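Structure assessment
If you want the building blocks of each chain, they are given just below.
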Amino acid sequence: MPQTDLFGPALPDGMRYELEFLTREEEQALVAHIAALPLDNMRYKGYTARRRVVSYGGKYDYENNVLDDAQAVPEWLYPLREKVAGWAGIDVQQFQHALVAEYRPGTPLGWHRDVLDFEDVVGVSLADVAVMKFRPYPPEGTTRADVIKLDLQPRSVYLLRGPARWAWQHAIAPTQSLRYSITFRTRRARAAGR
């Protein structure tokens, strides 16, 4: 059941969202770093997506459904990771995974829940707005009236925890202009022991 906010849209239970989490200067510095990254198109079971990404601390292999090793979270992301951890009330060392994503104009992200290896998900939006949509999971019987839409503003942050993480799917509508996101995830207890 969504929680009602007098100052914004209803959000799924367990979701937290905040505007102006970053300053414009912080955003510009992050975008400059991202521009130099070796971004590559995301691949899902033989499908090449338009979203370009780089993963740190683990790269999910969708062909074999396993989280493989990847380069550790780089130092340039440490200040953002610390700020995100403080905001979310999570020990910074729990955020050993980061995904940097580029959405060129017209790039969508289909309905999904993040892979089961991860627990809490924190996303930071950069450069332009994106429409994030939520629908109950499993989606059978879901109608348009059940879908929640949230405009993720540049420099904003969100947290998916508990019901927002497990009882809802999310998607990103095709973007209108160039946008980036940086997502930090904690390992799920069962997955951390693998």
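The protein carries the name Alpha-ketoglutarate-dependent dioxygenase AlkB in an unreviewed UniProt entry, which gives Ramlibacter albus as its organism.

Here we look at the pattern of salt bridges
The final tally for this structure, using the stated rule, is 9 salt bridges. The salt bridge partner of R185 is D114, with a shortest N-O separation of 2.6 Å. Remark: D114 occurs in the loop between β9 (109-112) and β10 (118-126) and R185 occurs in strand β15 (residues 179-187); sequence separation between them is 71 residues. Here R185 and D114 have matching classes, each one buried. D120 is paired through a salt bridge with R161; the nearest N and O atoms lie 3.3 Å apart. With D120 in strand β10 and R161 in the loop between β13 (157-160) and α3 (163-166), this residue pair connects regions lying 41 residues apart in the sequence. Judged by relative accessible area, which is 10%, D120 ranks as buried.

Some remarks on the nonpolar core
Among soluble globular proteins, nonpolar side chains are generally buried collectively. In this structure, I34, Y56, L77, L80, V100 and I182 are the most contacted members of the largest nonpolar core, which totals 28 residues. Taken together, the elements giving at least two residues each to this core come down to α1 (24-35), β5 (47-56), α2 (78-88), β8 (97-103), β10, β13 and β15. By residue number, the principal contributor to this core is α2, which donates 5 residues. One finds L11, L109, A130 and F134 within the second-largest nonpolar core, a separate group that totals 21 residues.

As for the packing of aromatic side chains
Aromatic rings in a pair are described by how distant their centres are and how their planes are angled relative to each other. Scanning the entire structure with this criterion turns up 4 aromatic pairs. Aromatic pair F21 and W87: ring centres 5.9 Å apart, planes at 65°, arrangement edge-to-face. Highlighted residues: F21 in the loop between β3 (15-18) and α1 and W87 in helix α2, separated in sequence by 66 residues. The pair F21 / W87 is uniform in exposure class, with both members buried. Three or more aromatic residues link up through ring pairs in this structure, and these residues are Y44, Y60 and Y62. One residue, R16, lies across the ring of W87, its end atom 4.0 Å from the ring centre.

Some remarks on the sheet that holds strand β11 (residues 130-136)
Reading across the sheet, the 4 strands line up as β9-β14-β11-β12 and stay open at both edges, with antiparallel pairing between neighbours. Every other strand in the sheet has two partners, leaving β9 and β12 (148-152) as the edge strands with one partner each. Between one strand axis and the next, the sheet turns by 15° as a mean value, whatever way the strands run. Here β11 pairs with β12 via 5 bridges, running antiparallel. Among the inter-strand pairings, F134 is bridged to a residue of β12, identified as I148.

Rules of the game
Residues numbered from 1 in each chain as written. Predicted model: local features only at pLDDT ≥ 70, side-chain atom pairs only at ≥ 80, totals over all residues. Heavy atoms only, no water. Salt bridge = Lys/Arg side-chain N within 4 Å of Asp/Glu carboxyl O. Helix = DSSP H or I, 4+ residues; strand = E, 2+ residues; numbered from the N terminus. Buried < 20%, exposed > 50% of the residue type's maximum accessible area, 1.4 Å probe, protein only. Core = buried A, V, L, I, M, F, W, Y, C linked by side-chain atoms within 4.5 Å. Phe/Tyr/Trp six-rings, centres within 6.5 Å; stacked < 30°, edge-to-face > 60°. Lys NZ or Arg CZ within 6 Å of the ring centre and 35° of its normal. Pairing = 2+ DSSP bridges. Axes fitted to C-alpha atoms, helices over the stretch in contact; angles between N-to-C directions.

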